[in-house]
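# Breakdown of the fold
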Amino acid sequence: MVETIGQVIENYLLDLGIDKLLTVTVDNASSNSVTISYLKNVMKDWPTNILSNEHLHVRCCAHIVNLIVCDGLKEMNVSVVKIRNAIRFVRSLPSRLLAFKKCAEKLHIECRTRHRGGPTK
């Protein structure tokens, strides 16, 4: 199937009269690597080969950044869940909330609590 993808791309290039190709930008799927290898092999004999196809495969920077951001958001989600659980724990008993407020006051940290009516002090 992968060679078929490479063959389809090769045929489109030839049909469109494109005989000079510097780069192909794709995401990081392994099938793309095999397709690019196929194209490199086929195009090495083209008389208009540019830089021996050395830079033919360019990985998509947007895709790489997207993968990094998604991993970061997963990590951040774990932290947010832990913070929410800590807030629920403190708020679950009036004595815990009072102890928390006393600690905040002792450390001179402004402590605001939200009620259903909106933020209050």
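Residues numbered from 1 in each chain as written. Predicted model: local features only at pLDDT ≥ 70, side-chain atom pairs only at ≥ 80, totals over all residues. Heavy atoms only, no water.

## Section: the overall build of the protein chain
Selection rule: Under the scheme used here, helices are H or I runs from DSSP no shorter than 4 residues and strands are E runs no shorter than 2 residues, and both carry numbers assigned from the N terminus. Categorising residues by exposure relies on relative accessible area from a 1.4 Å probe, with only protein chains included: less than 20% of the type maximum marks a residue as buried, more than 50% marks it as exposed, and the intermediate range marks it as partly exposed. What makes two residues a contact is simply this: any of their non-hydrogen atoms within 4.5 Å. Per-residue accessibility takes into account occlusion by the displayed protein chains alone, with areas from the Shrake-Rupley method and a 1.4 Å probe.
For the protein chain, the helix and strand inventory stands at 4 helices and 4 strands. Along the protein chain, helices and strands appear, N-terminal first, in the series α-β-α-β-α-α-β-β. Classification of the 121 residues of the protein chain by burial places 16% in the buried group. Contacts in the protein chain between residues at least 24 apart in sequence constitute 63% of all its contacts with a sequence separation of at least 6. If you sum the accessible surface of the protein chain, you get close to 9,600 Å²; carbon and sulfur atoms cover 60% of it.

## Here's the deal with unusual backbone geometry
The residue His108 is not glycine, and still its phi comes out positive at about 60 degrees. Topologically, His108 is positioned in the loop between helix 4 (94-106) and strand 3 (113-115). Since its relative accessible area comes to 73%, His108 is described here as exposed.

## Here's the deal with the confidence of the model for the protein chain
Quick note on the threshold: Per-residue confidence from the predictor is given as pLDDT, running between 0 and 100.
On average, residues of the protein chain score 79 in pLDDT, and 83% of them are at 70 or above. The spread of mean pLDDT over the elements of the protein chain runs between strand 4 (residues 118-120), the lowest at 49, and helix 4, the highest at 92.

## A closer look at the packing of aromatic side chains
Stated precisely, the cut-off is as follows: Put simply, two rings from Phe, Tyr or Trp (the six-membered ring, in Trp's case) pair if the centres are within 6.5 Å, and we call them stacked under 30 degrees between planes, edge-to-face over 60, tilted for the rest. The criterion is that NZ of a Lys, or CZ of an Arg, lies within 6 Å of the ring centre and within 35 degrees of the ring normal, and then a charge sits over that ring.
The tally for this structure, following the rule as stated, stands at 0 aromatic pairs. In this arrangement the basic side chain of Arg96 is found over the ring face of Phe89, its NZ or CZ atom lying 3.7 Å from the centre.

## Comments concerning the environment of Val90
The topology assignment puts Val90 in helix 3 (residues 61-91). Measuring from C-alpha to C-alpha, the distance between Val90 and Phe100 comes to 7.2 Å, with 10 residues separating the pair along the chain. Every residue in contact with Val90, bar those within four places of it in the chain, is listed here: Arg96, Leu97 and Phe100.

## Remarks on helix 2 (residues 30-43)
Because an α-helix completes one turn every 3.6 residues, residues spaced three or four positions apart along the sequence face the same direction. Selection rule: What a helix should span is 1.5 Å times the count of its residues minus one. Arc definition: directions from the helix axis to the C-beta atoms.
With 14 residues, helix 2 extends 20 Å from end C-alpha to end C-alpha; this agrees with the ideal 20 Å at 1.5 Å per step. Residues Asn32, Thr35, Ile36, Tyr38, Leu39, Val42 and Met43 constitute the buried set of helix 2. Taken around the axis of helix 2, the buried residues stretch over an arc of 155 degrees, which confines them to a single face.

## Quick word on the environment of Asn28
Relative to the helices and strands, Asn28 resides in the loop between strand 1 (24-26) and helix 2. Taking the C-alpha atoms as reference points, Asn28 and Cys61, 33 residues apart in sequence, are found 9.9 Å from one another.

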